[in-house]
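So you can see what is in the structure, the chains are spelled out below.
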Amino acid sequence: MDLSSITNESLIFIHQSWQTQAEVFDHLIDAFVRNDIVTDKEAFLAAVREREAISETGMENGFAIPHGKSTTVSKAAVAIATLDKAMPAGDWPSIDPSNQVELIFLLAIPDAEKGQTHLKILSELSVKLMDPVLVDQLKKARTKTEILQLLSNQNSEMEEVVPMTAKNILAVTACATGIAHTYMAAEALQKAAKEKGITIHVEKQGANGIEDGITPEMIQAADGIIFATDIAPKGKERFKELPYIQTKVAEPLKHGSAMIDRLITTPDGRVKAADDLSSSDASYGPKKASVMSTLMQAVMTGISYMIPILVAAGVMIGISQIGASFFGLSKEIGNAEMATNANQLIVLLHYIGLTGNMTMRFMYPIFTAFMAYSIADRPALASGFIGGAFAAGLHQTLWGVEGGIPSGFFGALILGAVSGYVCKFLNEHVKLHKNLQAMKPMLIIPGLSILAVFFVNYLLVDPVFGGLNGWLQQMVMQYQDSGKVVLSTIIACLTAFDLGGPVNKAAGAVAIGMAADQIFPLTPRVLAIVIPPIGIGLATILDKYIVGRRVFDDNLRVTGRTSLVLGFLAIGEGSIPFALQNPLITIPINMIGASIGAVLAVVLGAVQWYPLPAVWGWPLVENFWAYAVGLIAGVLFIALGNIFIRFYLIKKKEAKKA
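All residue numbers refer to position in the chain's written sequence, counted from 1. Totals for whole chains, interfaces and linings use all residues, but because this is a predicted model, local features are given only for residues with pLDDT of at least 70 and pairs of side-chain atoms are given and counted only at 80 or more. Where side-chain values are given, they derive from all heavy atoms of the structure, hydrogens and water being excluded.

Engineer: Now, about the confidence of the model for the protein: what can you tell me, with residues and values included?
Structural biologist: In regions of low pLDDT, the predicted coordinates are not meant to be interpreted in detail. Confidence of the predictor at the level of single residues is given by pLDDT, which spans 0 to 100. Residues with a pLDDT of 70 or more make up 86% of the protein, whose mean pLDDT is 82. Confidence scores differ between elements of the protein, with helix H6 (residues 156-159) showing the lowest mean pLDDT of 40 and helix H13 (residues 381-391) the highest of 94. By definition in these notes, contact holds between two residues if any of their heavy atoms fall within 4.5 Å. In the model, residues 154-165 has pLDDT below 50 throughout and makes 18 contacts with residues more than four positions away in sequence or in other chains. Every residue in residues 274-287 scores below 50 in pLDDT, and together they form 54 contacts with partners more than four places removed in sequence or on other chains. The numbering of helices and of strands both runs from the N terminus, where a helix is a DSSP run of H or I of at least 4 residues and a strand a run of E of at least 2.

Below, the structure written as structure tokens:
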């Protein structure tokens, strides 16, 4: 694509004095409006700001690529600005924290073209800007015409067919969101390979699916493959027996040449065959991925696939509850009698809510299926899914178990790991005659791994969490006559412990019983439901302002916005991905923050007798000002606690690498 074809001189600004992101957006969007590209400045600015909240658009080497997709955009266009003085590091959030932005490309994309056009322009621009010479020329350009000429020059070097050499390698790149980093990593590897005189073909597994797919002929001729991915790559079994290395997607941006050398000289191992596959196995080479790094990638892969389920379920539940609130029904919309209500809109809202709740129950099966898939690839999907079904308590529903206690996200983590590693073990150790090989991935591995998951759940996971739940119920009952501070602390801690899981429900059952008997109000219970999801959601927004950089990855930033909204609807599950990724940070902070908020509100005199934690229940709170003080205090503790602890861990990790 000739990028000069989607801009013009009236959209180009040379050596401006602007020094804030707000100034840049204001001037460039004004130019879009003057050129009839954007019809509503505020709406498009909101779209750009919304994209900024998802992940950094500052890259490295002084440039940034903000973009917005909106129905107010009439045609795709790019506005360009260079600055007289680079912005201080951190003023424009970037993947490289030291990036000082002085070259900005603002993309305006019609909403109807947000898939194909958006990614095509963004990938093309990302690829071009990997050339430091071009970036330097753009920064120093003295005229608008010069900018247009630089952009119109086709990247002939990248299009040039590299002559075959003694080495011919492949690569797969994939980031969590599948946009900029996927393409930038691909470009970095292509550039490094060209400098070494090595032929490379890179497959991008991005938001639009697989681009530049690797063919069987390429695999046949290849000497090795690089997996630069933050999630489990798709179709890894295609590359059986090829030497490989596995890195994070950002690694090629700084060490592309070294990665190619490593692949050629000391690969991590060889990719296993389709019937003997493990995504992190290196049994043919001297190196193996650590258990911790394998588990972390597995968790992130599971979260990546789980988020759409979580978001969709939350949206449906939210539509149901908000719609029902107009009829004064609120939580009652889920009751069975609503299905026979004379008002068909209420019936519809009832079933929308039920569908949302049903969808939410598949959150753990999807998470554990793809967690196991990341560890042991396709043979682990079946047992991983069943493990998640156990964690969600679906077996108890189907078996007719009364009072069954699902193990929640702790069970999902344990059973996902068990499924993955059992399948990995079976892949490596079950040997069959070549005529019986098909039995292993289709029968032996799924059958034995599901059996293993059943026994682990039956003998360990369910009994442990069932016993824990019973003990916690007894503890709450034991302390129900204690002072209000002690009782509020216990109820809040247990409510925030597992975000809608069995411990949460145990605390809820006791707290609601005490409220029904007018023994103790539900104030700590309802506050502890909403404080964690609102707090963690706020953290994903405030981090860049508090510590000057993002401390959450792309996936969790998207989830954070959802968690924030769901928190006001009293749906705590929005913060579950954060607990899955790092329970040792998330759970203690949630418990402490919920306790602070609950105790403060109760001591100041807030009283809520009704089980209505969502925003529409707030008018029923006595002394709402005290309730609000507790809510704000708990939310801020969780938000700031997450930001500062995660920032400390990032800095500590960076210091070790330095």
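So much for the structure itself; the text now carries on.
Engineer: So, unusual backbone geometry: which residues are in play, and what are the values?
Structural biologist: Located in the positive-phi region is Ala 570, a residue other than glycine, with phi close to 65 degrees. Summarising the element assignment, Ala 570 is placed in the loop between helix H20 (554-568) and helix H21 (576-581). To sort residues, take the accessible area from a 1.4 Å probe on protein chains only and compare it with the maximum for the residue type: under 20% means buried, over 50% means exposed, and anything in between is partly exposed. Residue classification places Ala 570 among the buried residues on the basis of a relative accessible area of 11%. We note that Asn 623 has phi near 55 degrees; this positive angle belongs to a residue other than glycine. The topology assignment puts Asn 623 in the loop between helix H22 (583-604) and helix H23 (624-657). Overall, the relative accessible area of 41% leaves Asn 623 in the partly exposed class.

Engineer: Any details on the pattern of salt bridges? Residues and values, ideally.
Structural biologist: Each reported salt bridge corresponds to a side-chain nitrogen of Lys or Arg within 4 Å of a carboxyl oxygen of Asp or Glu. According to the stated counting rule, one finds ten salt bridges in the structure shown. When the shortest N-O distance is used, the salt bridge between Lys 41 and Asp 26 registers 2.4 Å. Here Asp 26 lies in helix H1 (residues 21-34) and Lys 41 lies in helix H2 (residues 41-54), a separation of 15 residues in the sequence. For Lys 41, a relative accessible area of 22% gives the class partly exposed. Residue Arg 550 pairs with Asp 543 through a salt bridge whose shortest N-O separation is 3.2 Å. One exposure class covers both Arg 550 and Asp 543, and it is buried.

Engineer: Account for the packing of aromatic side chains, with residues named and values stated.
Structural biologist: Two rings belonging to Phe, Tyr or Trp (six-membered ring only in the last case) form a pair when the distance between their centres is within 6.5 Å. Interplanar angles under 30 degrees mark stacking, angles over 60 mark edge-to-face geometry, and anything in between is tilted. Scanning the model with the defined rule gives 16 aromatic pairs in all. Between the aromatic rings of Phe 624 and Tyr 627, the centroid separation amounts to 5.7 Å while the plane-to-plane angle is 25 degrees, which identifies the pairing as stacked. In this pair, Phe 624 and Tyr 627 are both assigned in helix H23, three residues apart and thus about one turn of the helix distant. Here the aromatic residues Phe 568, Trp 618, Phe 624 and Tyr 627 are joined through ring pairs into a cluster of three or more. Above the plane of the ring of Phe 227 lies Lys 236, whose end atom (NZ or CZ) is 4.5 Å from the centre. Two conditions define a charge located above a ring, namely a distance within 6 Å from the ring centre to NZ of Lys or CZ of Arg, and an angle within 35 degrees of the ring normal.

Engineer: Describe the pairing of strand S6 (residues 168-174), and please don't skip the residues or the numbers.
Structural biologist: Most of S6 sits inside the fold, with seven of its seven residues counted as buried. A two-sided burial pattern is seen for S6, the buried positions comprising Asn 168, Leu 170, Val 172 and Ala 174 on one face and Ile 169, Ala 171 and Thr 173 on the other. Pairing of S6 with strand S7 (residues 199-206) involves six bridges; the strand directions are parallel. Bridging across to S7, Ala 171 finds its partner in Val 202. Pairing between strands requires that DSSP locate at least two bridges from one strand to the other. Pairing between S6 and strand S9 (residues 224-229): six bridges, direction parallel. Of the residues in S9, the one forming a bridge with Ala 171 is Ile 226.

Engineer: Can you explain the side chain of Thr 57? Please cite residues and give values.
Structural biologist: By the secondary structure assignment, Thr 57 is in the loop between H2 and strand S2 (63-64). The exposure class of Thr 57 is buried, given its relative accessible area of 1%.

Engineer: Now, about the nonpolar core: what can you tell me, with residues and values included?
Structural biologist: One finds Ile 303, Tyr 364, Phe 367, Phe 409 and Leu 580 to be the most contacted residues of the largest nonpolar core, which totals 50 residues. Tallying contributions element by element places helix H10 (residues 291-325) first for this core, with nine residues. Counting residues domain by domain, this core receives three or more from each of domain 3 (291-475) and domain 4 (481-657). What Leu 580 contacts, discounting residues up to four positions off in sequence, is Val 299, Ile 303, Met 306, Phe 367, Phe 409 and Leu 413. Side-chain atoms within 4.5 Å are what join buried Ala, Val, Leu, Ile, Met, Phe, Trp, Tyr and Cys residues into a set we call a nonpolar core. Residue ranges for the domains trace back to a domain assignment, done automatically or taken from a database.

Engineer: Outline the environment of Ala 376, supporting the account with residue identities and numerical values.
Structural biologist: Among the secondary structure elements, Ala 376 is positioned in helix H12 (residues 363-376). Judged by relative accessible area, which is 0%, Ala 376 ranks as buried. On a C-alpha basis, the gap between Ala 376 and Lys 424 in space is 5.1 Å, while along the polypeptide they are 48 residues apart.

Engineer: A description of the environment of His 350 should follow, citing residues and the corresponding values.
Structural biologist: Here His 350 shows up in helix H11 (residues 344-361). Each C-alpha atom of the pair His 350 and Ile 333 lies 5.3 Å from the other, and the pair is 17 residues apart in sequence. Ignoring anything within four residues of it in the chain, the contact list for His 350 reads Ile 333, Gly 334, Asn 335, Ala 336, Met 338 and Ala 339.

Engineer: Tell me what's going on with H11, and back it up with residues and numbers.
Structural biologist: A helix is expected to span 1.5 Å for every residue after the first. Taking 1.5 Å as the rise per residue, H11 with 18 residues should run 26 Å; its terminal C-alpha atoms sit 26 Å apart, in good agreement. Along H11, the residues classified as buried are Ile 346, Val 347, Leu 349, His 350, Gly 353, Gly 356, Thr 359 and Met 360. Structurally, H11 contributes buried residues whose contacts are with H10 and H12. Whenever a nitrogen or oxygen atom comes within 3.5 Å of another N or O atom, the pair is scored as a polar contact, on the condition that within protein one atom can donate a hydrogen and the other can accept it, and that pairs from neighbouring residues in sequence are kept only if both atoms are in side chains. The backbone nitrogen of Leu 345 lies 2.9 Å from a side-chain oxygen of the residue at the head of H11, namely Asn 343.

Engineer: An account of the packing of H12 against H13 is needed here, citing residue identities and associated values.
Structural biologist: When two helices pack together, their arrangement is captured by the angle between the axes and the distance separating the axes. Direction vectors running N to C along H12 and H13 enclose 145 degrees, while the axes themselves pass 7 Å from each other. Where H12 crosses over H13, the handedness of that crossing is right-handed. Where H12 approaches H13, its residues Tyr 364, Pro 365, Thr 368, Ala 369, Phe 370, Ala 372 and Tyr 373 are matched on the opposing element by Leu 381, Gly 384, Phe 385, Gly 387, Gly 388, Ala 389 and Ala 391. Residue polarity follows a fixed list, in which Ala, Val, Leu, Ile, Met, Phe, Trp, Tyr, Cys and Pro are nonpolar, Asp, Glu, Lys and Arg are charged, and the others, Gly among them, are polar. Of the residues that constitute the contact of H12 with H13, the class distribution is ten nonpolar, four polar and no charged. As a rule, the C-alpha atoms of each element are fitted with a line to give its axis, helices using only the stretch in contact, and angles between N-to-C directions run from 0 to 180 degrees. Two helices crossing with the near one rotated counterclockwise from the far one by less than a right angle form a left-handed crossing, whereas a clockwise rotation gives a right-handed crossing.

Engineer: Hey, could you go over the packing of H12 against helix H15 (residues 408-429) for me, with residue numbers and the actual values?
Structural biologist: Taken N-terminus to C-terminus, the directions of H12 and H15 make an angle of 30 degrees; their axes are 8 Å apart at the nearest point. Put simply, H12 runs roughly parallel to H15. You can see that H12 and H15 cross each other, and the crossing is right-handed. Facing Tyr 364, Phe 367, Thr 368, Met 371, Ala 372, Ile 375 and Ala 376 of H12, the residues of H15 in contact are Gly 408, Phe 409, Ala 412, Leu 413, Gly 416, Ala 417, Ser 419, Gly 420, Tyr 421, Cys 423, Lys 424 and Asn 427. In terms of residue class, the contact of H12 with H15 is built from twelve nonpolar, six polar and one charged. Any angle from 65 to 115 degrees is called roughly perpendicular, while one under 35 is roughly parallel, one over 145 is roughly antiparallel, and all others are oblique.

Engineer: Before we move on, could you go through helix H17 (residues 484-497) and cite the residues and values that matter?
Structural biologist: Over its 14 residues, H17 extends 20 Å from the first C-alpha to the last, a length consistent with the 20 Å expected when each residue adds 1.5 Å. Within the sequence span of H17, burial applies to Leu 487, Ser 488, Ile 490, Ile 491, Ala 492, Cys 493, Leu 494, Thr 495, Ala 496 and Phe 497.

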